[in-house]
Every structure is written in structure tokens, then in C-alpha cells.
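# Survey of secondary and tertiary structure
The residues making up each chain are set out below.
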Amino acid sequence: MDTQNMTQTEFNPLSLDNQICFALYVCSKEIIRKYNPILEPLGLTYTSYITLLGLWEKDNVTIKELGSRLFLDSGTLTPLLKKMESQGLITRNRSKEDERTVYIKLTEQGKALREDCKCVPQKMMCHNFLEPAKAGELLQSLHMMMTKIGDE
């Protein structure tokens, strides 16, 4: 679609093809679908994978802190963490000072899985969604959007 050559009257703001959120939704959904065959042999879903990524960066965090980092609410995170705990990847421990606060900590098995996951980004790059320079630009733009969305 060549929106640069369209006049204001030709541009349809209600066209599905003109919705940034729809394009992001479709790309996200389809990219996550491509992760499944890579993560499944490791016993992971995409959501458990990003949870591990967050915990490998900073371990022993509260559910609230982890949810904030992943942009996930506790209703989504709690069942996921229960499953990851049953898989032996994490432990959930209540704070002694405030039992409403629950800390998430990687087990040795969860830490060891990091080594197996090192190949995941490379395998995803093999799909050639974008040239590396364009991918870097897109990532930078998306991070700016995430920051602005988080500020609201």
C-alpha cells in the first residue's frame, strides 16, 4: 500500500490494513507460532520462555516485579508459574515479612535450561523475517512504543 501518494480523502482510517495494532497482532501471533516447534522439545511455551528470559536476567523477584517486566497480569502469570513450578523450573516462596508477597526463584534445572535455550534466537533468525538492520530498527521502535505505553 502506497500511503504517501494517497490524499487525505483516499486514506481510510477504518481499513484493517491501516491499523498498526492489527499488523503488530498478526506478526506477533505468527512469530510466536514459529517458536512452538523450537520450544516444545524443551517443554516450554512462548510465555514460559519469556518468563525464563526475565528470570535469567534477574532471579528471585516478586510476582509483581516479574509481571511488570513481562507486561503480564497476575491472572495470567499465576497459572503459568504454577505449571513452571510443577516442571521443576522455579520455586514460589512467600515473603517472611509480608506473606502477600511471593518471590519467584529459578531452580538448578531452570538455570540449566538456559544453556539449551541459547540456540533459540539463532533458530528464529533463520526464518529471515527481516534483514538484521531492519530488525534492529524495528526493535528500537517497538521499545520506544513499549516505554510510552508503560508511561500511560
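Since the model is a prediction, treat every value here as computed from it, not as a measurement.

The next point concerns the overall build of the protein chain. Within the protein chain, the regular secondary structure consists of seven helices and three strands. In sequence order, the secondary structure elements of the protein chain are arranged as α-α-β-α-α-β-β-α-α-α. With respect to the principal axes defined by its C-alpha atoms, the protein chain has extents near 65 × 35 × 25 Å. Across the 152 residues in the protein chain, those meeting the buried criterion constitute 23%. Intrachain contacts of the protein chain at a sequence separation of at least 6 include 51% that bridge at least 24 residues. Here the protein chain holds 19 positive side-chain charges and 20 negative ones, and the gap between their average locations is 6 Å.

Bringing helix α4 (residues 74-86) into the picture now. The terminal C-alpha atoms of α4, which comprises 13 residues, lie 18 Å apart, in line with the 18 Å expected from a rise of 1.5 Å per residue. For α4, the set of buried residues is L77, L80, L81 and M84. The arc that holds the buried residues of α4, viewed along the axis, is 105 degrees, so those residues lie on one side. In this structure, α4 carries G75 and S86 as exposed residues pointing more than 90 degrees from its buried face.

Let us look at the side chain of S48. Considering the arrangement of structural elements, one finds S48 in helix α2 (residues 46-57). When neighbours within four sequence positions are excluded, S48 is seen to be in contact with L80 and M84.

For the rest of this paragraph, the subject is the sheet that holds strand β2 (residues 90-94). If you walk across this open sheet you meet the three strands as β1-β3-β2, and the pairing is antiparallel. Single-partner strands in this sheet number two, and they are β1 (61-62) and β2. Direction of pairing for β2 relative to strand β3 (residues 102-106): antiparallel, over a ladder of five bridges. Residue pairing across strands places N93 opposite Y103, the latter belonging to β3. The strands touched by α4 are β2 and β3; relative to β2, the strand with the most contacts, the crossing angle is about 120 degrees.

Moving on, we come to the nonpolar core. One finds L44, Y49, L52, L66, L81, I90 and I104 to be the most contacted residues of the largest nonpolar core, which totals 26 residues. Looking at this core, the elements with two or more residues in it are α1 (20-39), α2, α3 (63-70), α4, β3, α5 (108-117) and α6 (120-125). Among the elements that make up this core, the one with the highest residue count is α2 (five residues). The residues contacting L66, other than those within four sequence positions of it, are T51, L55, V61, L77, L81 and I104.

Let us now look at the pairing of β3. Both faces of the sheet carry side chains from a regular strand, because those side chains alternate between them. Covered by surrounding structure in β3 are V102, I104 and L106 only, the residues Y103 and K105 on the alternate face being uncovered. Bridge analysis of β1 against β3 gives two bridges, and the strand direction is antiparallel. If you follow T62 over to β3, its bridge partner there is Y103.

The rules we used
- Residues numbered from 1 in each chain as written.
- Predicted model: local features only at pLDDT ≥ 70, side-chain atom pairs only at ≥ 80, totals over all residues.
- Heavy atoms only, no water.
- Helix = DSSP H or I, 4+ residues; strand = E, 2+ residues; numbered from the N terminus.
- Buried < 20%, exposed > 50% of the residue type's maximum accessible area, 1.4 Å probe, protein only.
- Contact = heavy atoms within 4.5 Å.
- Lys, Arg positive; Asp, Glu negative; His and termini not counted.
- Charge placed at Lys NZ, Arg CZ, Asp CG, Glu CD.
- Expected span 1.5 Å × (residues − 1).
- Arc of directions from axis to C-beta.
- Pairing = 2+ DSSP bridges.
- Axes fitted to C-alpha atoms, helices over the stretch in contact; angles between N-to-C directions.
- Core = buried A, V, L, I, M, F, W, Y, C linked by side-chain atoms within 4.5 Å.

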